[in-house]
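# Fold and geometry: a report
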Amino acid sequence: MTKSVAGELAGLKLPIERGCPFAPPTAYERLREQAPINKVRLTSGGEAWWMSGHEEGRAVLADPRFSSDKRKDGFPLFTLDAATLQQLRSQPPLMLGMDGAEHSAARRPVIGEFTVRRLAALRPRIQDIVDHFIDDMLAADERPVDLVQTLSLPVPSLVICELLGVPYTDHDFFQSRTTMMVRRTSLEDRQRAFAELRAYIDDLVTRKESEPGDDLFSRQIARQRQKGTLDHAGLVSLAFLLLTAGHETTANMISLGVVGLLSHPEQLALVKADPGRTPMAVEELLRYFAIADGVTSRVATEDVKIGGVSIKAGEGVIVSTLSANWDPAAFKDPAELDVERGARHHIAFGFGPHQCLGQNLARMELQIVFDTLFRRIPTLRLAAPAEDLPFKTDAVIYGVHELPVTW
Amino acid sequence: MMRIKADSDLCVGSGQCVLTEPAVFDQGDDGIVALLTDHPDDQSAAQARHAVTLCPSRALSILQE
Ligand code: SF4
């Protein structure tokens, strides 16, 4: 049985073309119906375990016997080619690719910046930012407007710039480089974008080292100096991660969330009737779209038994967060967008020690955007049929390239 | 009565627990979980139990029900 599934998915390439932009690829369902854990063949030629189930996926992600280090043999690099792998191996690892003690040492100093209380203090400023871009949108001479450019991208960009102390005037630069890096463009383009961004960030960190301000990097630098160290390369890696991971993902969720709500008017009506429902609606939208599907892959460092399946040391495992979020064992009628569903246990932000560092910032931005947008523009509607929108089937992170809206 | 334990060595500061039941869980300035009580009252018990299942690093456990 496993064999035929592997055959079916021969050439597995993420993102797999979706039949419907609002649902996982149909191959996911077929795989799950066969077993929560299956072996699949990758475009890169190797094989990996494909985790469909919510429980099994969480088990892998929380288990220290699975490594996040993409440089290790057997890691399922199904979105990367050999040349990119070479490049990857020559770079100092980001936090995402570290394990165990090395990972905690990199993550611990930063988590204090993202506590629930600290983020709550940013709420009024984020509200100002959202209002500002909606003012601009309302003042636009022409309709429809592209929500991606007017709201989805600028809000998280400005928020992350302020938090990190990056001049907002540079946002066009890093935004375009980040977009390039997650697109399925040519290897040269991705490499150039990566190198340019890395150089920019290196320079930024150097400036902060000599002229600290009131921002996250400056506080990290001060903290390291106190301990009598200054890990420049580590700071550059951290800066790189925070700058690239934070805004593109949130932007995609803003756009998709708006599409999701506008395409389910009865659900939107519930949210409009009581903003107290917005946090739950945000969880449901995160579950439903799981935009970073496939980013959470691992390689076993020992023989491990999960859900009755023996995974051997050196074998790759792909935890499909999208498949887990549509697992009917964890979410009843997963294909229904139900803003009143308790969906907090979705794994759109991953699970285990690598669970997204910026998740609560993202939650807050999404809540504020949805509340404010539908309150201030209650007649907002799509200016094109949802199915015809240019969905990002050409990128690692799911989203829409453009979102024409009118009111 | 329910008793809850938080392992600060395992905590990765995701704040899931604080979002779920702020009457029981808090985070220090360093982002690490701090229990406001290790005996959640009946009102908080269900949410505290939910927080245990949501914790990504398995830093929270229920010692006794
Ligand atoms: S949910 Fe777990 S990892 Fe997150 S802050 Fe609470 S104890 Fe720490």
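Fair warning: this is a prediction, and the values are worked out from it, not measured in the lab.

### Side note on the overall build of chain B
Within chain B, the regular secondary structure consists of two helices and four strands. Its helices and strands in sequence order give chain B the pattern β-α-β-β-α-β, from N to C terminus. In terms of overall size, chain B behaves like a compact globule, its C-alpha atoms giving a radius of gyration of 10 Å where 65 residues would be expected to give roughly 11 Å. Across its three principal axes, chain B shows a C-alpha extent of roughly 30 × 20 × 15 Å. A total of 65 residues make up chain B; the buried ones form 46% of that total. Considering only residue pairs separated by 6 or more positions, chain B has 58% of its internal contacts joining residues 24 or more positions apart. Charged side chains in chain B number 4 positive and 10 negative. The centres of these two groups are separated by 10 Å.

### Section: the packing of helix α12 (residues 232-262) of chain A against helix α16 (residues 359-376) of chain A
Residues and elements named next belong to chain A. Remark: α12 packs on α16, axes separated minimally by 10 Å, with the N-to-C direction vectors making an angle of 40°. By the angle between their axes, α12 is oblique relative to α16. For the pair α12 and α16, the crossing hand works out as right-handed. Listed contacts from α16 to Thr-250, Met-253, Ile-254, Gly-257, Val-258, Leu-261 and Leu-262 of α12 are Ala-362, Glu-365, Leu-366, Val-369, Phe-370, Leu-373 and Phe-374. Its residues assigned to classes, the contact of α12 with α16 shows 11 nonpolar, two polar and one charged.

### As for the packing of aromatic side chains
All names here are of chain A. Counted according to the given criterion, the structure contains eight aromatic pairs over all chains. Ring centres of Phe-22 and Phe-391 lie 6.2 Å apart, and the angle between their planes is 80°; this geometry places the pair in the edge-to-face category. In this pair, Phe-22 is assigned in the loop between α1 (2-8) and α2 (26-34) and Phe-391 in the loop between β9 (381-382) and β10 (404-406), connecting sequence segments 369 residues apart. The two residues Phe-22 and Phe-391 agree in class, both being buried.

### Topic: the sheet that holds β10(A)
All names here are of chain A. Strand order across the open sheet formed by three strands is β4-β10-β9, with antiparallel pairing between neighbours. Each edge of the open sheet is held by one strand with a lone partner, namely β4 (145-146) and β9. Sheet topology places β9 next to β10; two bridges connect them, and they run antiparallel. Paired with Arg-381 across the strands is Thr-406, a residue of β10.

### Things to note about the UniProt feature "domain: Divergent 4Fe-4S mono-cluster" (unreviewed entry) in chain B
In the numbering used here, UniProt assigns the "domain: Divergent 4Fe-4S mono-cluster" (unreviewed entry) feature to residues 2-64 of chain B. Annotated as 29% helix and 24% strand, the span residues 2-64 of chain B places its first and last C-alpha atoms 5 Å apart.

### Considering empty space enclosed by the protein
Summed over the entire model, instances satisfying the criterion amount to three cavities of 30 Å³ or more. For the largest cavity, the calculated volume is near 80 Å³. Surrounding the largest cavity, 13 residues form its lining, Cys11(B), Ser14(B), Cys17(B), Cys55(B) and Pro56(B) being those nearest its centre. Counted by class, the lining of the largest cavity contains eight nonpolar, five polar and no charged residues. Considered as a void within the structure, the second largest cavity measures approximately 40 Å³ in volume. For the second largest cavity, the full set of lining residues is Arg58(A), Arg344(A), His345(A), His346(A), Ile347(A), Phe351(A), Gln355(A), Gln16(B) and Leu54(B). When its residues are assigned to classes, the lining of the second largest cavity shows three nonpolar, four polar and two charged.

### Some words on the pairing of strand β5 (residues 297-300) of chain A
All names here are of chain A. Side-chain alternation along β5 places Ser-297 and Val-299 on one buried face and Arg-298 and Ala-300 on a second face that is also buried. Strand direction decides the pairing type here: strand β3 (residues 66-67) and β5, joined by two bridges, are antiparallel. Within β5, the residue paired with Phe-66 across the bridge is Ala-300. As paired elements, β5 and strand β8 (residues 316-319) share three bridges and run antiparallel to each other. Residue pairing in the sheet places Arg-298 in a bridge with Val-317 of β8.

Conventions we followed
- Residues numbered from 1 in each chain as written.
- Chains lettered and ligands numbered in written order.
- Predicted model: local features only at pLDDT ≥ 70, side-chain atom pairs only at ≥ 80, totals over all residues.
- Heavy atoms only, no water.
- Helix = DSSP H or I, 4+ residues; strand = E, 2+ residues; numbered from the N terminus.
- Rg over C-alpha atoms; globule rule 2.2 N^0.38 Å.
- Buried < 20%, exposed > 50% of the residue type's maximum accessible area, 1.4 Å probe, protein only.
- Contact = heavy atoms within 4.5 Å.
- Lys, Arg positive; Asp, Glu negative; His and termini not counted.
- Charge placed at Lys NZ, Arg CZ, Asp CG, Glu CD.
- Axes fitted to C-alpha atoms, helices over the stretch in contact; angles between N-to-C directions.
- Parallel < 35°, antiparallel > 145°, perpendicular 65-115°, else oblique.
- Left-handed = near helix turned anticlockwise from the far one by under 90°.
- Nonpolar A, V, L, I, M, F, W, Y, C, P; charged D, E, K, R; others polar.
- Phe/Tyr/Trp six-rings, centres within 6.5 Å; stacked < 30°, edge-to-face > 60°.
- Pairing = 2+ DSSP bridges.
- UniProt positions renumbered as here; feature names shortened; annotations may be inferred.
- 1 Å grid on protein atoms, 1.4 Å probe; cavity = no way out; pocket = protein on both sides within 12 Å on 5 of 7 lines; lining within 4 Å.
- Points joined across faces, edges and corners; volume = space filled by probe spheres on them.

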